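# Working through the structure, step by step
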Amino acid sequence: MEKKNIQINLKDFPSELHFALTGANIFDSSCHSNADVLYSDLGYYIKMDAKGMLKDEAALTEHFSMRGMGAEFVCYLSVDKDYLVTREVTGEDMTHYIDEPERLCEVLAGALRELHERPLDGVLVSFRQRLYLESTSGDFCAGNYDEWVLTKRFHIGSKQEAWEIVQVNKHRLKCDTLIHGDACLPNLIMENGRFKSFIDFSLAGAGDRHIDLYWAIWSLKYNLGTEEYTDRFLNAYGRENVDEEMLRLVAAFELFG
């Protein structure tokens, strides 16, 4: 993740956060979301968004942290805006292992299989899953249609076809699994060649396992530049738990994302 060194004024931050900022070098580590993210070289990430916007993510971050599958949750404040503080996870994200694609597939599959076997424990419904149903409840002519999320494997030729797939099959979308919601390589951390932690839980929660599997497949293709390793990944995850038609349904939902 790219970081840009910046200067801050401590007075702009609640006193409860000064422990993570005082005397530190501060970097802007924001990415594609609307939230701002700061990195403190004392070993903290501080995510900031409008008041109330990080409440669910904070709860999910704490959930993953307490179960040893996420960055350490430090605190959540909702004052002038929302602040979510987590500890830095040592290691490197999975994009650093693309020169070992076979190993990458095995570790990625193992991490997702372990996650999907965890109990839900009353966790919130994934925001991504909620978005699916909202984005496909109106007229197919309205809203977005983004083909960049599609891979050749799923053979969806048009907006009309994607809409029909969703309308006929959306009742099959389950909400019985703890998912990450954005299981792309940058959101999984490895250390010494082994999976260590997930990061970024804004789309996590209860949902359908095929959402994670779809984004893992997409990310492997995007980062490796080929779909050659898709089957290796799915075999490592366990074919008995994979429904190709459900993967195609997730692809259709994503086209309207």
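See the structure above.
Residues numbered from 1 in each chain as written. Predicted model: local features only at pLDDT ≥ 70, side-chain atom pairs only at ≥ 80, totals over all residues. Heavy atoms only, no water.

## Remarks on the overall build of the chain
The secondary structure content of the chain amounts to eight helices and eleven strands. By principal-axis analysis of the C-alpha atoms, the chain measures approximately 55 × 45 × 35 Å. Relative to its full complement of 257 residues, the chain shows a buried share of 48%. Taking contacts inside the chain between residues at least 6 apart in sequence as the whole, the part at least 24 apart equals 72%. As displayed, the chain offers around 12,500 Å² of accessible surface, 48% of which is attributable to carbon and sulfur atoms. In the chain, 27 positive and 43 negative side-chain charges are present, and the distance between their average locations comes to 2 Å. (Helix = DSSP H or I, 4+ residues; strand = E, 2+ residues; numbered from the N terminus. Buried < 20%, exposed > 50% of the residue type's maximum accessible area, 1.4 Å probe, protein only. Contact = heavy atoms within 4.5 Å. Areas by Shrake-Rupley, 256 points an atom, 1.4 Å probe, with all protein chains shown as cover. Lys, Arg positive; Asp, Glu negative; His and termini not counted. Charge placed at Lys NZ, Arg CZ, Asp CG, Glu CD.)

## So, the nonpolar core
Membership of the largest hydrophobic core comes to 58 residues, with the highest contact counts inside it found for Leu-108, Leu-112, Phe-198, Tyr-214 and Phe-233. Where this core is concerned, the elements lending two or more residues are α2 (55–66), α3 (101–116), α5 (159–169), β8 (177–179), β9 (188–191), α6 (209–224), α7 (230–237) and α8 (244–255). By residue number, the principal contributor to this core is α6, which donates nine residues. Once residues lying within four places of it in the same chain are set aside, the contact partners of Tyr-214 are Val-149, Leu-150, Phe-154, Leu-247, Val-250, Ala-251 and Glu-254. Grouped together as the second largest cluster of nonpolar side chains are 14 residues, Phe-13, Leu-21, Tyr-83 and Val-85 included. (Core = buried A, V, L, I, M, F, W, Y, C linked by side-chain atoms within 4.5 Å.)

## A few points about the pairing of strand β6 (residues 82–87)
Within β6, five of the six residues are buried, leaving the element largely enclosed by the surrounding structure. Note that strand β5 (residues 73–78) and β6 share five bridges and pair antiparallel. In the strand pairing of β6, Leu-77 is matched with Tyr-83. Connecting β5 to the next strand, β6, in antiparallel fashion are three residues. (Pairing = 2+ DSSP bridges.)

## Observations concerning the sheet that holds strand β10 (residues 194–198)
Taken together, three strands build an open sheet; the order of strands is β7-β9-β10 and the sheet is antiparallel. The open sheet is flanked by β7 (92–93) and β10, the only strands paired with a single partner. As defined by bridge partners, β9 adjoins β10 across four bridges and the pair is classed as antiparallel. Paired with Leu-188 across the strands is Phe-198, a residue of β10. Sitting on the sheet, α3 touches β9 and β10, and the angle it makes with β10 is about 45°. (Axes fitted to C-alpha atoms, helices over the stretch in contact; angles between N-to-C directions.)

## Observations regarding the packing of α5 against α8
Where α5 meets α8, the axes come as close as 9 Å, and the angle between the chain directions of the two elements is 120°. One element, α5, and the other, α8, form an angle in the oblique class. Crossing of α5 over α8 shows left-handed handedness. Together, Glu-161, Ala-162, Ile-165, Val-166 and Asn-169 of α5 and Arg-248, Leu-249, Ala-252, Phe-253 and Leu-255 of α8 make up the contact between the two elements. Taken together, the residues of the contact of α5 with α8 sort by class into seven nonpolar, one polar and two charged. (Parallel < 35°, antiparallel > 145°, perpendicular 65-115°, else oblique. Left-handed = near helix turned anticlockwise from the far one by under 90°. Nonpolar A, V, L, I, M, F, W, Y, C, P; charged D, E, K, R; others polar.)

## Comments concerning the packing of aromatic side chains
Evaluated as defined, the whole model comprises twelve aromatic pairs. Between Phe-19 and Tyr-44, the aromatic rings sit 5.3 Å apart at their centres with planes inclined by 90°, giving edge-to-face as the arrangement. A residue pair is termed long-range when its members are at least 10 positions apart, and Phe-19 in helix α1 (residues 18–21) and Tyr-44 in strand β4 (residues 44–49) qualify at 25 residues. For Phe-19, a relative accessible area of 40% corresponds to the partly exposed category. When the centroid spacing of 5.0 Å and the interplanar angle of 10° are considered together, the rings of Trp-218 and Tyr-222 count as stacked. Linking Trp-218 with Tyr-222, this pair stays in helix α6, spanning four residues, or about one helical turn. (Phe/Tyr/Trp six-rings, centres within 6.5 Å; stacked < 30°, edge-to-face > 60°.)

## Observations concerning the state of the cysteines
Under the counting rule described, the total for this entry stands at zero disulfides. With no disulfide of its own, Cys-105 lies closest to Cys-184 among cysteine sulfurs, the gap being 14 Å. (Disulfide = S-S within 2.5 Å.)

## Here we look at unusual backbone geometry
Residues other than glycine seldom take positive phi values, yet His-155 does so here, at roughly 45°. Here His-155 is to be found in the loop between α4 (127–135) and α5. In this model, Asp-200 sits at a positive phi of 65°, which is unusual for a non-glycine residue. Mapping Asp-200 onto the fold places it in the loop between β10 and β11 (205–207). Relative accessible area serves as the criterion here: at 28%, Asp-200 is assigned to the partly exposed category.

## Brief notes about the packing of α6 against α8
The geometry of α6 relative to α8 is characterised by a closest axis approach of 9 Å and an angle of 75° between their N-to-C directions. Compared by their axis directions, α6 and α8 come out roughly perpendicular. The segment α6 lies against α8, with His-210, Ile-211, Leu-213, Tyr-214, Trp-215 and Ile-217 engaging Met-246, Leu-247, Val-250, Ala-251 and Glu-254. Here the residues of the contact of α6 with α8 sort into nine nonpolar, one polar and one charged.

Function cannot be read off these values alone, since they describe shape.
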